[in-house]
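Each chain, written out:
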Amino acid sequence: MSETYEYIDHYFKENISPEEAMAFERKITSDPAFAEEVAFYCATQQVAQEQLVADKKKRFLELYREQQQRGNAHAEVGGKLRTLRPAGKWMRIAAAAAVIAGLVVGLMMWNNSPAQIANGYLDEKLASLGANMGTTTEIETGRSLYNEKKYEAALLQFEKIIKEGDTGIDVRKYAGITCLRLEKYDSAINYFQLVENYQGVYSNPGKFYHALALMKRNKPGDKNDAKLLLRGIVDGDLYGKDKAIEWLNKM
Amino acid sequence: MTNPKIVLKPVDQAMFDNLNGEGISKRKSEELFFTSYSYFIKEGMHKYSLSEDEAFDAYSDSVLAALDKLNKGLFEGRSTLKTWLFQIFQNKCVDLVRKKTTNKNSIHHTTSITEMLFQLSDASKSIIQQLVERADRVLLKQRLNELGAKCRELLMLSADGYSDREIASELDYKSPDVVKTSRLRCLERLRQLYKNP
């Protein structure tokens, strides 16, 4: 019997010549007892393989259960162990990070929004209107009203002065700034455009305040228009150049 | 076993070398291969709405199929081992979903015919296949488990593709020839047990 199995084993496990293979197959077809032994050899191999798969799956299940019990799945990639936390925990961490990142980005965007920049400038530089050399008493009255935050009254004063025929640049500038305070942006822009048109002024603030009004209004397209004006100020080395550079960097 | 032309991603080299190793290290590597990507099971549960048991079956079948392909040098290294295994796993999951919807229960693929039969010509194969199908597999499995630990281990390692040289090294036999003789004697004993219960 051992010789028979040795012969069968030799056929299936080793390289044999074509002649040996033909002899082996002839024996199968001509010798039923031998065919039975070959079938048993093959059946054993097949059953052992099935058992092997079952054993491995059983072992895999044990390993999986161990991983489950530990709560973490250990993974080894490239010879280094890393711990995979449960997906829920990752999700919570990712969600928290996203919220924080969103808040930070939102805060940065809010701080750097054109309206916020304009508000900062209004509060810092235009909280009060400084006296200019050569301004009239009427203009001084309007400026005082502004500084007392009586914006409606200040605007009425400035408009009255303009109606009475004052053609100066300062009253229009002040009227525009007061309109900004009152959130009358279109009027403010009209006044600043008038200021822009003044020729022969050493340092014309019209373009700068026009840009400021657009930033404060912040309607669709205002930001781009404001940036164009600010670039013009920088390129032309006009009034407010330093602020223009700063704001362009922020926007 | 190993395809010498294969170019692996660096991340897979250690794993691949271990899986193509011998003896205990190979067994350990197989287990490590399984545990490394066992989180696919949750993926299967989530993505294909499988129960944990079903996803586990699909994953363990995928690992076994991948190990079999690795043994036969069929992994070409076109992707990482992880990606490759995940593709096999996805296919198993899809098969499972399909079988569930057509009321077929099992995804366990037991070989209907051992690969060794393909060495035979059609005429011989037909004879042997019919005889194998007539065998009482339940009884044979039972007898295999009754054979004794040493014999069982010899036959199981041989069925797992270990050569006599590898088994000799693994189980401290003097030589591969001694393994072969012992293994065939075990087969003979199994035959007697099977024929004369």
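Residues numbered from 1 in each chain as written. Chains lettered and ligands numbered in written order. Predicted model: local features only at pLDDT ≥ 70, side-chain atom pairs only at ≥ 80, totals over all residues. Heavy atoms only, no water.

### A few points about the overall build of chain A
Convention followed: Secondary structure elements follow DSSP: runs of H or I of four or more residues count as helices, runs of E of two or more count as strands, with numbering from the N terminus. The buried label applies to any residue whose accessible area, calculated with a 1.4 Å probe on protein chains only, is under 20% of its type's maximum; exposed applies above 50%, and partly exposed to all values in between. Per-residue accessibility takes into account occlusion by the displayed protein chains alone, with areas from the Shrake-Rupley method and a 1.4 Å probe.
Secondary structure summary: chain A contains 12 helices and 2 strands in total. In chain A, the succession of helices and strands from N to C terminus is α-α-α-β-β-α-α-α-α-α-α-α-α-α. In chain A, buried positions account for 39% of the 251 residues. Only carbon and sulfur atoms are counted for the fraction: they give 54% of the accessible area of chain A, which is about 13800 Å².

### Considerations on the state of the cysteines
Residues and elements named next belong to chain B. Formally: Sulfur atoms of two cysteines make up a disulfide when they are within 2.5 Å.
Taken as a whole and judged by the stated rule, the model has 1 disulfide over all chains. What pairs with Cys151 in a disulfide is Cys186, and their sulfur atoms sit 2.0 Å apart. Here the disulfide of Cys151 and Cys186 is left-handed, its torsion about the S-S bond being about -80 degrees. Here Cys186 lies in helix H10 (residues 176–195) and Cys151 lies in helix H8 (residues 149–159), a separation of 35 residues in the sequence. For Cys151, a relative accessible area of 8% puts it in the buried group. Taking the relative accessible area as the measure of exposure, Cys186 reaches 5% and is therefore buried.

### Focus: the packing of helix H8 (residues 169–181) of chain A against helix H10 (residues 206–217) of chain A
All names here are of chain A. Going by this rule: Note on geometry: axes are C-alpha line fits, over the in-contact stretch for helices, and angles between N-to-C directions span 0 to 180 degrees. Relative orientations are named as follows: roughly parallel for angles under 35 degrees, roughly antiparallel for angles over 145 degrees, roughly perpendicular for angles from 65 to 115 degrees, and oblique for any other angle. Any two residues whose heavy atoms approach within 4.5 Å are treated as being in contact. When residue character is reported, Ala, Val, Leu, Ile, Met, Phe, Trp, Tyr, Cys and Pro are called nonpolar, Asp, Glu, Lys and Arg charged, and the others, Gly included, polar.
At a minimum axis separation of 11 Å, H8 and H10 run at an interaxial angle of 10 degrees. Our classification of the angle between H8 and H10 gives roughly parallel. Contact residues: H8 offers Lys173, Ile177 and Leu180, while H10 offers Tyr209, Leu212, Ala213 and Lys216. Across the contact of H8 with H10, the residue classes break down as 5 nonpolar, no polar and 2 charged.

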